[in-house]
Amino acid sequence: VKLGVIIPAAGQGKRMGASINKQFLSLQGRPILTHTLSLFERSEAVAEIVIVSSKKDRERIGELVCTEGFQKVSAIVLGGEERQESVFAGVKALSPLIKRVAVHDGARPLLTCLELNRFFTEAAKFRAAIMAIPVKDTIKRVDARGEVIETPPRETLRAIQTPQVFERSLLEEAHRKAREVGYLTTDDAALIEWLGHPVQTLMGSLENIKITTPEDLDLAEMILAKRKA
Ligand code: CTP
Ligand code: MG
C-alpha cells in the first residue's frame, strides 16, 4: 500500500529567533525543507505529498517545490495556529485513494533513506506506528512551581520523533473527534491513544533531530559534514 505523506511546515519557528521561517534556513546550502521533501520524493513507498504552510510562506514553498521539481507534491494547503490543526488540514487534502498516511515534521531534515525504509517496512504491521528513541536523561514530572511529582523509571520512557504512520481512517477520526471536543496535544499519536487504540513505537534515530533552536542548526551541519566525510 502506497503512502500519502503530510509535511506540517506551517509553524513560525519562534524558538529559532530568525527573521524568516526556520525551514528556509540553509543547511549545507539548501533550505531545511528541501532536505525533508527530497527524502519523501525519492521514497518508493510514497505516492503523494501534501505540504502544510502558513499563508505568509505559501508562495515561497510553491517556488521551492517548482525549482526542485518535486513531482509527488499534490497540494500546498493552509495550516492553522497549532500543529494539530495543520496536520488535520493536510489529511483532508490527500487524495481519496490514499489509505495510509505518514506525518513528518518539515523541520526534521536529517532522516536517511535507510532509516525511512526500515521504519516503513516495520510500520506496515500496525494501524499506528511512531519513531521513538530511549531517553538518555532522567525525566521527572513536576508541578507548576517546579516541585517534583514523580520519576518514572527511565527504561519505560521514549523520546518521540516523526515519521508517524497511521491508517488514514483512524487518523481522520481521531482528528475529527479531538476538534469536536477541543482536545489539543503535541503529536498525532496522542490523538490515537486518546481514542483508545494501540500505538506501536519503533526504533528511531539519534540523528533524526528536529531543528528548533540555533544550536540544532549547528548540530545538523556537523551531522551532514560527518556523513560526507
Ligand atoms: N507546524 C505546523 N503548524 C503549526 C505549528 C507547527 O505545521 N501551527 C510545523 C512546523 O512548521 C514544524 C513542525 O510542525 O515543521 C514541528 O513544530 P515546531 O518544531 O514547534 O516548529 P515551529 O512551531 O515553527 O517552531 P516554534 O514552536 O519554535 O515556533
Ligand atoms: Mg511549535
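The rules behind these values
- Residues numbered from 1 in each chain as written.
- Chains lettered and ligands numbered in written order.
- Predicted model: local features only at pLDDT ≥ 70, side-chain atom pairs only at ≥ 80, totals over all residues.
- Heavy atoms only, no water.
- Helix = DSSP H or I, 4+ residues; strand = E, 2+ residues; numbered from the N terminus.
- Rg over C-alpha atoms; globule rule 2.2 N^0.38 Å.
- Buried < 20%, exposed > 50% of the residue type's maximum accessible area, 1.4 Å probe, protein only.
- Contact = heavy atoms within 4.5 Å.
- Areas by Shrake-Rupley, 256 points an atom, 1.4 Å probe, with all protein chains shown as cover.
- Lys, Arg positive; Asp, Glu negative; His and termini not counted.
- Charge placed at Lys NZ, Arg CZ, Asp CG, Glu CD.
- Pairing = 2+ DSSP bridges.
- Axes fitted to C-alpha atoms, helices over the stretch in contact; angles between N-to-C directions.

## Observations regarding the overall build of the chain
(1) Moving on: The secondary structure content of the chain amounts to seven helices and eleven strands.
(2) Moving on: Taking 2.2 N^0.38 as the reference for a compact globule, 229 residues should give roughly 17 Å; the C-alpha atoms of the chain span a radius of gyration of 17 Å, in line with that estimate.
(3) Moving on: Along the longest, intermediate and shortest principal axes, the C-alpha atoms of the chain span 50 × 40 × 35 Å.
(4) Moving on: Counting over 229 residues, the chain shows a buried share of 48%.
(5) Moving on: Here the analysis covers contacts within the chain between residues at least 6 apart in sequence; of these, 74% occur between residues at least 24 apart.
(6) Moving on: Surface summary for the chain: the accessible area is close to 12000 Å², and the carbon and sulfur share equals 54%.
(7) Moving on: Distance from the positive charge centre (33 side chains) to the negative charge centre (30 side chains) of the chain: 2 Å.

## Things to note about the pairing of strand β10 (residues 158-167)
(1) Moving on: The pairing of strand β6 (residues 100-103) with β10 spans four bridges and is classified as antiparallel. Residue pairing in the sheet places Arg 100 in a bridge with Glu 167 of β10.
(2) Moving on: Bridging between strand β7 (residues 128-134) and β10 involves six bridges; their strand directions are antiparallel. Across the sheet, residue Ala 129 finds its bridge partner in β10, namely Val 165.

## So, the side chain of Thr 34
(1) Moving on: With respect to the helices and strands, Thr 34 occurs in helix α1 (residues 32-42).
(2) Moving on: Judged by its relative accessible area of 0%, Thr 34 falls in the buried class.
(3) Moving on: Setting aside residues no more than four positions away along its own chain, Thr 34 makes contact with Leu 64, Glu 68 and Phe 70.

## Points about the sheet that holds strand β5 (residues 73-78)
(1) Moving on: Pairing within the open sheet is mixed, and its seven strands lie in the order β5-β4-β1-β6-β10-β7-β11. Each end of this open sheet is capped by a strand with a single partner; those strands are β5 and β11 (200-203). Each adjacent strand pair in this sheet contributes to an overall mean axis angle of 25°, direction not counted.
(2) Moving on: Sheet strands in contact with helix α2 (residues 58-68) are β4 (46-53) and β5, and its direction is about 170° off that of β5.
(3) Moving on: Its contacts with the sheet put helix α6 (residues 188-195) on β6, β7 and β10, and the angle it makes with β10 is roughly 70°.

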